[in-house]
Structure formats: C-alpha cells, structure tokens
Amino acid sequence: MNREQIQEVLKWLNDQIEYANESIHEAHQSRNYGRESQYEGVRDAFMRCLNKLKEEHV
C-alpha cells in the first residue's frame with residue numbers, strides 16, 4: 001500500500017470508531033446493553049487495527 005492508501009484507511013477507521021462511539025452512547029441511553037456491548041467490541045477491533053497500522057506505517 002502506498003502512503004495515500006494508508007491515510008485513506010486510517011481515516012476510514014477513525015470514522016468507523018466515531019460511529020461506533022455514537023452508537024454506544026445511544027444504546028446506553030436507551031438501556032440496550034446488548035447493542036452497547038456489541039458496538040464496544042466493534043470499536044475495540046477497529047482501534048486495534050488502527051493502532052497496528054499506525055505502528056507499522058507512521
């Protein structure tokens with residue numbers, strides 16, 4: 001992957017993390033703890049990918 005492609009992936013991952021955080025907040029507000037837990041897992045997976053890419057390419 002070239003640097004531009006990596007930057008695009010990093011931006012996409014950040015956007016997905018932001019969306020997951022919003023979904024976690026909404027699920028918590030509505031007391032939908034199953035959905036909250038599910039989005040926490042998704043967010044954590046995206047964060048691990050993001051950190052791995054940053055370590056290797058930044």
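Structure's up top.
Figured I'd write up the structure that's included with this text. If you're wondering where the values come from, they're calculated on a predicted model, not measured in any experiment. (Residues numbered from 1 in each chain as written. Predicted model: local features only at pLDDT ≥ 70, side-chain atom pairs only at ≥ 80, totals over all residues. Heavy atoms only, no water.)

This part covers helix H1 (residues 3-29). A rise of 1.5 Å per residue sets the reference length of H1, with its 27 residues, at 39 Å; its end C-alpha atoms lie 39 Å apart and thus fit the reference within 8%. Every buried residue of H1 is listed here: Ile6, Leu10, Leu13, Ile17, Ala20, Ser23, Ile24 and Ala27. In this structure, the buried residues of H1 make contact with helix H2 (33-57). Capping of H1 at its N-terminal end is provided by asparagine 2; its side-chain oxygen lies 3.0 Å from the backbone amide nitrogen of glutamate 4. (Helix = DSSP H or I, 4+ residues; strand = E, 2+ residues; numbered from the N terminus. Expected span 1.5 Å × (residues − 1). Buried < 20%, exposed > 50% of the residue type's maximum accessible area, 1.4 Å probe, protein only. Contact = heavy atoms within 4.5 Å. Polar contact = N/O pair within 3.5 Å; in protein donor to acceptor, adjacent residues only side chain to side chain.)

Our focus in this paragraph is the packing of aromatic side chains. One pass over the full model with this rule turns up two aromatic pairs. Seen from their ring centres, tryptophan 12 and phenylalanine 46 are 5.5 Å apart, and the 90° between their planes marks the pair as edge-to-face. Of the two residues, tryptophan 12 is situated in helix H1 and phenylalanine 46 in helix H2; the sequence distance between them amounts to 34 residues. Look at tryptophan 12 and you get partly exposed, because its relative accessible area is 45%. On the accessibility criterion, phenylalanine 46 (19% relative accessible area) is buried. Their ring planes at 75° and their centres at 6.2 Å tell us that tyrosine 19 and tyrosine 39 sit as a pair that is edge-to-face. With tyrosine 19 in helix H1 and tyrosine 39 in helix H2, this residue pair connects regions lying 20 residues apart in the sequence. Owing to a relative accessible area of 18%, tyrosine 39 belongs among the buried residues under this scheme. (Phe/Tyr/Trp six-rings, centres within 6.5 Å; stacked < 30°, edge-to-face > 60°.)

The next point concerns the side chain of glutamate 36. Topologically, glutamate 36 is positioned in helix H2. At a separation of 3.3 Å, a polar atom in the side chain of glutamate 36 contacts the side chain of histidine 28. When neighbours within four sequence positions are excluded, glutamate 36 is seen to be in contact with Ile24, Ala27 and His28.

Everything listed is a geometric property; what it means functionally is a separate question.
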